[in-house]
Each structure stands twice: as structure tokens, then as C-alpha cells.
Amino acid sequence: MKWISDLIDLIFPRHCLVCGEVLSRNEKDLCLDCLYKLPKVEKIHLDEIEKVFWGKFDVGKVKSYIYYRKNSPYNRLLHAMKYNNHPEVGTRLAIMAAESLMPSGFFDGIDAIVPLPLSKKKKRLRGYNQCDYIAEGLSQKTGIPVIKDCVAREKSNETQTHKNRGERWKNTEGIFTLANPELAEGKHILLIDDILTTGATLTNCAITIQQNCNCRISIFTLAYTYNLL
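Residues numbered from 1 in each chain as written. Predicted model: local features only at pLDDT ≥ 70, side-chain atom pairs only at ≥ 80, totals over all residues. Heavy atoms only, no water.

K.L.:
Please provide a residue-by-residue account of the overall build of the protein, values included.
P.N.:
Secondary structure assignment for the protein yields nine helices and six strands. Taking all 229 residues of the protein together, the buried fraction comes to 49%. Taking contacts inside the protein between residues at least 6 apart in sequence as the whole, the part at least 24 apart equals 75%. Surface accessibility of the protein: about 12000 Å² in total, with carbon and sulfur atoms responsible for 50%. (Helix = DSSP H or I, 4+ residues; strand = E, 2+ residues; numbered from the N terminus. Buried < 20%, exposed > 50% of the residue type's maximum accessible area, 1.4 Å probe, protein only. Contact = heavy atoms within 4.5 Å. Areas by Shrake-Rupley, 256 points an atom, 1.4 Å probe, with all protein chains shown as cover.)

K.L.:
So, the pairing of strand β5 (residues 188-196): which residues are in play, and what are the values?
P.N.:
The buried count for β5 comes to eight of nine residues, which makes it a mostly enclosed element. Of the crossover connections in this fold, the one passing from β5 over helix α9 (residues 200-212) to the parallel strand β6 (residues 216-224) is right-handed. (Right-handed = clockwise from strand over helix to strand, strands pointing away.)

K.L.:
Can you lay out the state of the cysteines for me, pointing to particular residues and giving the numbers?
P.N.:
Counting across every chain of the model gives zero disulfides. C16 supplies the cysteine sulfur nearest to C19, a cysteine that is in no disulfide, at a spacing of 3.7 Å. Classification of C19 as partly exposed rests on a relative accessible area of 39%. (Disulfide = S-S within 2.5 Å.)

K.L.:
Could you give an account of helix α5 (residues 88-101), with specific residues and numbers?
P.N.:
Given a rise of 1.5 Å per residue, 14 residues ought to cover 20 Å, and the 20 Å separating the end C-alpha atoms of α5 matches this to within 8%. Inspection of α5 places V89, G90, T91, L93, A94, A97, A98 and L101 among the buried residues, and these make up the whole buried set. On the buried face of α5, the contacting elements are β1 (59-67), α4 (75-83), α7 (130-142) and β6. (Expected span 1.5 Å × (residues − 1).)

K.L.:
Could you give an account of the packing of aromatic side chains, naming the residues involved and the relevant values?
P.N.:
Per the stated rule, a full pass over the model turns up three aromatic pairs. Pairing F53 with F57 gives two aromatic rings, centres 5.8 Å apart and planes at 70°, and the pair type is edge-to-face. A single burial state applies to F53 and to F57, both of which are buried. Considering the side-chain rings of Y128 and Y133, the 6.0 Å spacing of their centres and the 80° angle between planes classify their relative orientation as edge-to-face. Residue class for Y128 comes out buried when judged on its relative accessible area of 6%. Overall, Y133 belongs to the partly exposed group, its relative accessible area being 32%. Over the face of the ring belonging to F106 we find K61, whose NZ or CZ atom lies 5.6 Å from the ring centre. Across the ring face of Y67, the terminal group of R69 is positioned such that the distance to the ring centre comes to 4.0 Å. (Phe/Tyr/Trp six-rings, centres within 6.5 Å; stacked < 30°, edge-to-face > 60°. Lys NZ or Arg CZ within 6 Å of the ring centre and 35° of its normal.)

K.L.:
Which residues make up the pattern of salt bridges, and what values go with them?
P.N.:
This structure, assessed with the given rule, holds five salt bridges. K82 is the partner of D194 in a salt bridge, and the nearest nitrogen-oxygen pair spans 3.2 Å. On the criterion of sequence distance, the pair formed by D194 in strand β5 and K82 in helix α4 is long-range, its members being 112 residues apart. Both residues of the pair, D194 and K82, belong to the buried class. A salt bridge links E99 to K141, with the shortest nitrogen-to-oxygen separation between them at 3.2 Å. Of this pair, E99 sits in helix α5 while K141 sits in helix α7; the two residues are 42 residues apart in sequence, bridging distant segments of the chain. (Salt bridge = Lys/Arg side-chain N within 4 Å of Asp/Glu carboxyl O.)

K.L.:
Give a description of the sheet that holds β6 that names residues and reports values.
P.N.:
Pairing within the open sheet is parallel, and its four strands lie in the order β1-β6-β5-β2. Each edge of the open sheet carries a strand with a single partner, namely β1 and β2 (112-115). On average, adjacent strands in this sheet sit at an angle of 25° to one another, irrespective of strand direction. Bridging between β5 and β6 involves eight bridges; their strand directions are parallel. Bridge pairing in β6 places L196 opposite Y224. Across the sheet, α9 is in contact with β5 and β6; its angle to β5 comes to roughly 160°. (Pairing = 2+ DSSP bridges. Axes fitted to C-alpha atoms, helices over the stretch in contact; angles between N-to-C directions.)

K.L.:
Provide a residue-level description of the nonpolar core, including the pertinent values.
P.N.:
Residues F53, L191, I209, I217 and I219 are the most contacted members of the largest nonpolar core, which totals 33 residues. For this core, the elements supplying multiple residues, two or more each, are α3 (46-51), β1, β2, β4 (176-178), β5, α9 and β6. With four residues, α9 is the single largest residue contributor to this core. Aside from chain neighbours lying at most four places away, what touches L191 is V114, L116, L202, C205, A206, I209, I217, S218, I219 and F220. (Core = buried A, V, L, I, M, F, W, Y, C linked by side-chain atoms within 4.5 Å.)

Given below as C-alpha cells:
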């Protein structure tokens, strides 16, 4: 009932994850002003994002939705999703991303969405895999099914946050296995991650998949670290 929601918002006001302003009943995560100013990836940088994967594996389409820039207040969205037990932020951002990308035909021909897996240890500590929630948001909007059991993460690599480009690549070598190749065989899959930096983790996962089955792989990430490195 509306009056119950209004009472809850009065007693426990929700705040914009970006600017901290109190949200109205119809606002989720972002106030309207911050939503309007959401730093979406510009067309001029789309080729730059695709080039991250050129020559590394047989890649199809590549897209990122928003920028992850150093000291940007919008980074709080991704931090809340990944570390502060608010994975639903990833779902809602992914729904907005799908709405933005569908008119371009980005999802045409894609058979399945595959979220990048976490190791069992990291998932147990965090309590969830944020990529599952991003994948769910895309699926809700596009109707494309999510496959979670296709690829497995065999070991928990160290965090990539403070590593340079070379260290990131070394840190992700050999960490994936294709658990159920029949789930990807002959399909065009969309591999999902939260933030694209060097592309090392996604590339190693994609190579593992393509070495063990015949499939096409496209990439979607919620954010792109433009000018961060």
C-alpha cells in the first residue's frame, strides 16, 4: 500500500548513491538529476573498447554502458553493487543498458548470456556474484536466457585493483575451465563482466571457452575504465 511505502521512506529515507540526496518514492538508486547526468560511453570511444580484444580471440560485438573514471562520484554505484551488498544496482543498471542498446541491434543473434564466474571462495565471502545480477537485468529486458554453469573459475586470483597491465594478465592465466561445453557449443554467447580495464580476465575466459567448443563470443561490461590507466 502507498501509505506504508511513504511511511517507510519517512522513517528510513533512501539516498541517491551518487549525490546523497533523499530519493522520492519513484526513484531507485539515483535521483533524477544524477540519472540524467549518467556518464554513458560515447560513440567515439566504442572502437577503442573493441580494440581491447582485437588479436586476442575471435571476438564479435563489444559494448560498455558507462564510464568508470577516477574520482567520479558515479563509481559509488559500482562500489555499492560489488562490495556493499547491493547487487540489485547491477540489475537495474543492466536493464537501462539493454533499453539503450536494443535499438542498435546489439543483442540480435545472441543465444545466451554468460556471466563471468567468481571462484567458490570469493563468492562465499561476498555472498553473491555481481555479474549474475547484471546478466539477469539484461535477460529481463531482452528475453535472452542466462547460462551460469557453462564456465567455472578454478582458483581465486588476487584482486586486480592495484595491478598494472602486465600483472593483470599474469594474474588471470589458467583460472577458468569450461565446465559444460555443450551449453555453449554452436551458440553466440554474450560474456558479461562488471568493469572493463585491460580485458585480461574476459580474454582468458573467452579463450578457455573457444579452445573447448565452437562458439561465437561477444562482450558486454557495465562500465569501462576510460583514462583510468
